[in-house]
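Structural features, examined
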Amino acid sequence: MQPKSTILDVEYSDLPDLDIPAVLKETETPVLQTVLPKNGALEIENSLPTLVYNFYNLDPFWKSDIKANRVLLLEPTHFAKYPVCEKTISFVLKLADNIERIQVFTGEFRELKAQYNLSEIHFKEHPTATHYEGFREQRAWMFPEVREHFPSFFSYWKKCERFLKEML
C-alpha cells in the first residue's frame, strides 16, 4: 500500500517551491574520524632507496625488481581532511600485504623523512602527494591519451570509451 499525504506526495515540478518541513530543518554535522594503526619502529637500511606508498599507490609491481625500503605512509592530516571508515583502512592494509617487506608508518611525510634520515626517496605522483620530496615518478594511467580535466567521471569516461574499444 502506498503512503498518502507525505511531504513528497506532490508533482515533481512542485518540489522546488515547497517549504522545508519543520522535521527536516534541524540538521547535524557528523564528526568523522579515521582510525589509523599505531606506529611501530621501522627497520630502515639507509644505504637503500626508500619507496613511499600511500592510500592511492599500492602497486605491488612498482620497482619490485630492486632491493629497497618499502613504506606505506598513512598521514593523519590527509585522513582528517578525507576521512574513511575502519573497513577501508583494513582493506588498504590487506592490499599492502601484497607488497613484499612493506612497513606501515602513521605520520606525516616530513616526520618519516626526518625520523629515519631518508635521503633517496621515490614516490608516484598524485594530487595528494605534492608535498613529498624526492624522486617523483609518473603514476600509471589507465588511458594516458586522456589528460584534460573533466567536471565529472562520466564526461571523462565518454572520452575514454573510444580508447577502450581500440584495446579490445
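First things first, this report covers the structure right here in the doc. Since the structure is predicted, the reported quantities are computational estimates derived from the model, not experimental observations.

1. What about helix H5 (residues 153-167)?
The terminal C-alpha atoms of H5 lie 20 Å apart, and with 15 residues this matches the ideal 21 Å at 1.5 Å per residue to within 8%. For H5, the principal kink sits at Cys160 and spans about 35 degrees.

2. Quick notes on the pairing of strand E4 (residues 121-124)
Burial along E4 is two-sided: Ile121 and Phe123 facing one way and His122 and Lys124 facing the other are all buried. Across 3 bridges, strand E1 (residues 50-53) lies against E4 in parallel orientation. Of the residues in E4, the one forming a bridge with Thr50 is Ile121. Both E4 and strand E5 (residues 135-137) contribute to a ladder of 3 bridges, which runs parallel. In the sheet register, Phe123 faces E5, and the bridge partner there is Arg136.

3. Topic: the packing of aromatic side chains
Under the defined criterion, the tally for this structure stands at 11 aromatic pairs. For the ring pair Phe153 and Tyr156, a centre distance of 6.2 Å and an interplane angle of 50 degrees mean the geometry is tilted. Placement of the pair is Phe153 and Tyr156 together in helix H5, with a separation of 3 residues, close to one helical turn. By way of ring pairs, the aromatic residues Phe143, Phe150, Phe153, Phe154, Tyr156 and Trp157 are connected into one cluster. Lying across the ring of Trp141, Arg147 places its NZ or CZ 4.4 Å from the centre.

4. What to know about the side chain of Thr34
Looking at the element boundaries, Thr34 is found in the loop between helix H1 (22-25) and E1. A residue is classified by how much of its surface remains accessible, and Thr34, at 17% relative accessible area, is buried. Of the polar contacts made by the side chain of Thr34, one reaches the backbone nitrogen of Val84; its length is 2.9 Å. When neighbours within four sequence positions are excluded, Thr34 is seen to be in contact with Phe79, Tyr82, Pro83, Val84 and Ile89.

5. A word on the pairing of E1
Side chains Thr50 and Val52 of E1 all project onto a buried face; the interleaved residues Leu51 and Tyr53 project onto the opposite face, where all are buried too. Two strands pair when backbone bridges link them, and E1 and strand E2 (residues 69-74) are joined in this way by 4 bridges, in the parallel orientation. By the bridge assignment, Leu51 is partnered in E2 with Arg70.

So, how was this worked out
Residues numbered from 1 in each chain as written. Predicted model: local features only at pLDDT ≥ 70, side-chain atom pairs only at ≥ 80, totals over all residues. Heavy atoms only, no water. Helix = DSSP H or I, 4+ residues; strand = E, 2+ residues; numbered from the N terminus. Expected span 1.5 Å × (residues − 1). Bend = angle between axes of the 7 residues up to and from the residue. Buried < 20%, exposed > 50% of the residue type's maximum accessible area, 1.4 Å probe, protein only. Pairing = 2+ DSSP bridges. Phe/Tyr/Trp six-rings, centres within 6.5 Å; stacked < 30°, edge-to-face > 60°. Lys NZ or Arg CZ within 6 Å of the ring centre and 35° of its normal. Polar contact = N/O pair within 3.5 Å; in protein donor to acceptor, adjacent residues only side chain to side chain. Contact = heavy atoms within 4.5 Å.

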